[in-house]
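Chain and residue survey
Each chain, written out:
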Amino acid sequence: MSPGYRANSHNASQNKLYQGLLNPELDRYCEDGTKADDQYTSSHLNCFPGMMAPQTAIKTEQDSDSENGCNIYSMPQNAAWVGNEKPFTVGYTGEPQVKTEANYYEQYTTCQRNKPNMSPVLNGLHKYAINITVSFSNVLGLIRVNVVMEETNREAVATAVQRVAGMLLRSDQLDKVEQYRRREARKKASVEARLKAAIQSQLDGVRTGLSQLHNALGDVKDIQNSLADVSKDWRQSINTIENLKDVKDAVVQHSQLASAVENLKNIFSVPEIVADTQVLIEQAELLDAHRKLMDLECSRDDLMYEQYRMDSKNTHDMNLIRNYFGQVQGLSDDLSKQLWMVLQRAMGTVRRDPTMLVSVVRIIEREEKIDRRMLDRKKQTGFIPPGRPKSWKEKMFEVLEGTVTTRIEGSQSVTREADKMWMVRLLEITRKNVLDDLIVVKNLMVQCFPPHYNTFDRFFRLYHNAVSMRVQELAAEDLEASEIVSLLTWVLNTYKSVEMMGHPELLTEYDINLMGPLLPRDVVEALLSKYVQTFTSNITGWLRKALETDKKDWFKETEPEADQDGYYQTTLPAIVFQMFEQNLQVAAQIDETFKEKVLTLCLKQMNSFLIRYREEVITYKDEHLKDRQLPQCYVQYMIANINNCHTFKESIHSLKRKYLKSTEQTQNDAAIEKTLNEVAKDGCQFLLDEVFLDLEQHLNELLTRKWLTGTHAVDTICVTVEDYFNDFAKIKKPFNTEMTSDAHRRVVLEYIKSVMQKRISFKNADERREGAERMIKEAEQFKSLFKKLTGEENDRLCDAITAIAEVFKLTDPTLLYLEVSTLVSKYPDIREEHIVALLAVRGDASREMRQMIIETLNQNKPSHAGATQPIFRDITVPTVTMTSMSSSMAATANKLLK
């Protein structure tokens, strides 16, 4: 029920019923069990004879039926009020209802309990009233609502008056009063029409909700009744189930008999089917053989299952069935052998007869399904047929893995004893087989397997793992250096290149970079370390052997070969650096860091080799001095060895530029440079020694009586030097230039030594003049010779001979001090014994004069700071004993030469 309230009246109106759907006997509201407004719906006027139908209640607060369920507008009746409030009965007219507070009005939905005795009958209908207990606060609330509504009415009237006054400000507007009235009437009609439409929409929703609630209530009652019936039947059937145990046993027996009848044909023909199946297996009719095998297994498994259901502990009957079908397991084993044989030859079978491979895969897939079904039944019943699960799919992958492994291991066709290149051949065969097989898998074999097998990925991993195992086995063997290099080059470079696993046809299917390395890093490091040790030992032997071979050429009777520029050379540098180049190229294929490590090792060994090389050159010179006629081409091969030093330098720089990122000078490089310079310097010195051995006789004639009377010693010296240096022209620069300078200096020093040895003492001025002029002439000959050889003038050395000649040429002894002083100023490295020797050769200086000149020079001795090329420093003045010994040795040498 909902109360009614009229804004302009405080009279109580009759109460309206909203719960008639629960009790149709008491509901006389309207024909369809819902309320209507006679002001808007004329079809329901017959619901209220003799009186106006109540207007519809409008809910204006936020809470609604949908929010509160059955408690639409208030709490339950027995909890509406709390405390000592006084009862207060309020009646309302049939005006539109407005809900103003929560828990104020009584519920008026179908959820409310019927109250037929609340009011007397009015016009044939029950009139219901509700006594509402109102607290003082609620009364105050009603008063406030009344006051607010009165104020609202007054404001509305005031606003209307003001609006009308605004419309009728001028007298001419009075003529439009009727027009204004019609316009306002239209507005009012429009508002009323919208209001009616809204109210009608709400009424339709309420009507639908009430109908659905009524139906739901009926359904709930039906369900309750049904549940009660089910519970009653269940209690009555407990004893009946126990009485049906015999029926259950009969059903089980019937099932067993039905299974036996169904398999009766197969049971009696088991021997015949077994024989036929065996023939089909031998004829490679695998699908037909498997079909018959499945029939036999199905019959056996069904019979054993029924026996298990009837009496699982009866092992005698179980064994009887198993023994009767005993040959079935043998057929299964024979068939599996055929399947594995086909899979072992899969690479050939897929090319020749792919349908055979497809049949094998289909059989295995069938068995996998049966395995899954039997395992599911085992979970439910605990029964599993003998031989299940077969797990043929797992076995298939194991066979394929073994096939791939056998394929890889069978690639070795030769052994180390039969072929030194066995490692290279093995790796090449492996590369070709793996590439060909994977292309076959991609193009043919993938089509023979279900897509979910991921056939190519599986085979790719199988081959990768098989190759990895094989190379690890090879790495564990005692490999030589070349074999280690071949293996590492293949593993680190060839394997992932386009020649193998990175082939374009394979790269579209799988990325080899996703796979792990063939060899673990520690194994690679161990192989590299072993290679370095072996390479160090080998390179030492190779260099020694190369030097021994080259040394044999030094004793040949033919001249060494010359390069394109005409310089003599031997094959030693080419052999050594060709060996270095080959090993560095191999190392570069393995790793950049390893390549630099190998180059450093080569250069370190090179330093040790050059030390031995220098020793061999010295030994070669010593052997020649034992017999200067042998070897015949001593000079030419010594020149070649000097040129080899230049070639070694250029080759080392070339290797460093090519194989090293940084070309900074290292301590080892400095040691190599020093050793090469020493070898070249020794070679040049040995050649000059050879020259001066030939000049020794002529140098001994200088500044002697024979020389003074007239000899051709200097002419012979110049011709000999020029002849030798025609051969020395085949020495590469800068060694050629340095050697010419050394020869020039050595000739001058030997000449001055002959002066200091006091081989002659001039007797008079004429001899002094004649000797001095001859010395000046011979100095000019030396200048001309070495200018021709070097292309440059170096007067300082030969000018020393001229300066000494001027001391001899001086005729006035009183001026001798000045001339000696000039000589000392030009060559400050001249010593006291040198001056004494010069004055002794001059022959006219008394002891007092010599003493005075020496003392004066010692007091005014010039500094050596300005001397750029000392000459007299390396010249020793022999004593009297040494002079006599030298004369005797020279005489003995002359006799030997004669």
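Computed from a predicted model, the values in this text were never measured in an experiment. (Residues numbered from 1 in each chain as written. Predicted model: local features only at pLDDT ≥ 70, side-chain atom pairs only at ≥ 80, totals over all residues. Heavy atoms only, no water.)

Thoughts on the overall build of the chain
A count of helical and extended segments in the chain gives 30 helices and 6 strands. Across the 898 residues in the chain, those meeting the buried criterion constitute 41%. Taking the contacts inside the chain whose residues are at least 6 apart along the sequence as the reference set, 75% of them involve residues at least 24 apart. Total accessible area on the chain stands at roughly 49600 Å², and carbon and sulfur atoms take up 52% of it. (Helix = DSSP H or I, 4+ residues; strand = E, 2+ residues; numbered from the N terminus. Buried < 20%, exposed > 50% of the residue type's maximum accessible area, 1.4 Å probe, protein only. Contact = heavy atoms within 4.5 Å. Areas by Shrake-Rupley, 256 points an atom, 1.4 Å probe, with all protein chains shown as cover.)

Quick word on the nonpolar core
Core analysis: the largest hydrophobic core is formed by 197 residues, its most contacted members being F580, M606, F648, F728, I752 and M775. Non-local contacts of M775, meaning those with residues more than four positions away in its chain, are made with L703, W707, Y751, V755, I801, I804, A805 and F808. (Core = buried A, V, L, I, M, F, W, Y, C linked by side-chain atoms within 4.5 Å.)

Quick notes on helix α15 (residues 481-494)
Compared with an ideal rise of 1.5 Å per residue, which puts 14 residues at 20 Å, α15 spans 18 Å between its outermost C-alpha atoms and is within 8% of the ideal. Across the 14 residues of α15, 10 count as buried, placing the element largely inside the fold. Among all positions of α15, only A481, E483, I484, V485, L487, L488, T489, W490, V491 and T494 are buried. Contacts from the buried residues of α15 go to α13 (422-443), α14 (455-475), α17 (521-553) and α18 (572-590). (Expected span 1.5 Å × (residues − 1).)

Here we look at the pattern of salt bridges
The tally for this structure, following the rule as stated, stands at 47 salt bridges. A salt bridge links R182 to E178; the nearest nitrogen and oxygen atoms lie 3.8 Å apart. Within this pair, R182 and its partner E178 are both found in helix α3 (residues 177-243), separated by 4 residues, close to a single helical turn. Connected through shared salt-bridge partners, E297, E367, D371, R388 and K390 make up one network. (Salt bridge = Lys/Arg side-chain N within 4 Å of Asp/Glu carboxyl O.)

Considerations on the side chain of K783
The topology assignment puts K783 in helix α25 (residues 765-790). Excluding anything up to four places from it in sequence, K783 contacts D795, C798 and D799.

Observations regarding the packing of aromatic side chains
Under the counting rule described, the total for this entry stands at 26 aromatic pairs. Ring centres of F609 and F648 lie 6.1 Å apart, and the angle between their planes is 75°; on these two criteria the pair is classed as edge-to-face. A residue pair is termed long-range when its members are at least 10 positions apart, and F609 in helix α19 (residues 592-626) and F648 in helix α20 (residues 634-659) qualify at 39 residues. Residue F609 is classed as buried on the basis of its relative accessible area, which comes to 0%. Classification of F648 by relative accessible area gives buried; the value is 0%. Taking 5.3 Å as the distance between ring centres and 35° as the angle between the ring planes, the aromatic pair formed by Y620 and Y634 counts as tilted. (Phe/Tyr/Trp six-rings, centres within 6.5 Å; stacked < 30°, edge-to-face > 60°.)

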